Amino acid sequence: MSTPPIPTIAPATGPVVTIRQTATFRLVAGPKWYIYDNNSTTVIVKTLDLIKGTKGIEGFIGLEASEFPQISSDLTVMAQTARNLEQRRWKSPVRITEYRTIAGVKGFVLQSSDSEKQFYEWGGLDANNVLTVLAFKIPTGAGLDKWVEPTLASIEWK
């Protein structure tokens, strides 16, 4: 019995976002994106377009991309620290769900969801010992994979 192939995700083709020291990535084309502090250590991205299948204030997508110089190279400790910090912001449990490699950089994944929104965070440590974190907030029902996967597939490390 053979293992089915892993589906290839097409990279996003929308606007380019640059995190100063570590990476660039693209946003999903379609909505009008607002990018704050592009090419800094923390870039905030939002769309004020209501996403199909959602309603009210929770119908908008947000993404925070940040980089943090690290002393430690222990990804498990970083994942636990990130989970503890995010848990303070969420009523529902924040879980470390997997470790995954994005464009050659190994990282952790945190996830949570409630009746209004989903949270997905990937954090990876590059060769220069800088932690890059992309934290998505997507309305429930908006198809998390349609927004997160193409963005992660478009990452290019500096």
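The structure reproduced in this document is the subject of the present report. Not measured: the values here are computed from a predicted model. (Residues numbered from 1 in each chain as written. Predicted model: local features only at pLDDT ≥ 70, side-chain atom pairs only at ≥ 80, totals over all residues. Heavy atoms only, no water.)

**So, the overall build of the chain**
And then number 1: Tallying secondary structure elements over the chain gives 2 helices and 10 strands in all.
And then number 2: When the helices and strands of the chain are read in sequence order from the N terminus, they spell out β-β-β-β-β-α-β-β-β-β-α-β.
And then number 3: Expected size for 158 residues packed as a compact globule is a radius of gyration near 15 Å; at 15 Å, the chain falls within 12% of this value.
And then number 4: For the chain, the spread of C-alpha atoms along the three principal axes comes to 45 × 40 × 30 Å.
And then number 5: Contacts in the chain between residues at least 24 apart in sequence constitute 45% of all its contacts with a sequence separation of at least 6.
And then number 6: The centroid of the 17 positive side-chain charges in the chain is displaced by 4 Å from the centroid of its 15 negative side-chain charges. (Helix = DSSP H or I, 4+ residues; strand = E, 2+ residues; numbered from the N terminus. Rg over C-alpha atoms; globule rule 2.2 N^0.38 Å. Contact = heavy atoms within 4.5 Å. Lys, Arg positive; Asp, Glu negative; His and termini not counted. Charge placed at Lys NZ, Arg CZ, Asp CG, Glu CD.)

**Some remarks on the sheet that holds strand β10 (residues 156–157)**
And then number 1: The strand order β1-β2-β10 describes an open sheet built from 3 strands, whose pairing is antiparallel. The open sheet terminates on both sides in strands that have one partner only, identified here as β1 (16–19) and β10.
And then number 2: Alignment of β1 against strand β2 (residues 23–26), held across 4 bridges, turns out to be antiparallel. Paired with I19 across the two strands is A23, which belongs to β2. (Pairing = 2+ DSSP bridges.)

Nothing here speaks to function; it is all geometry.
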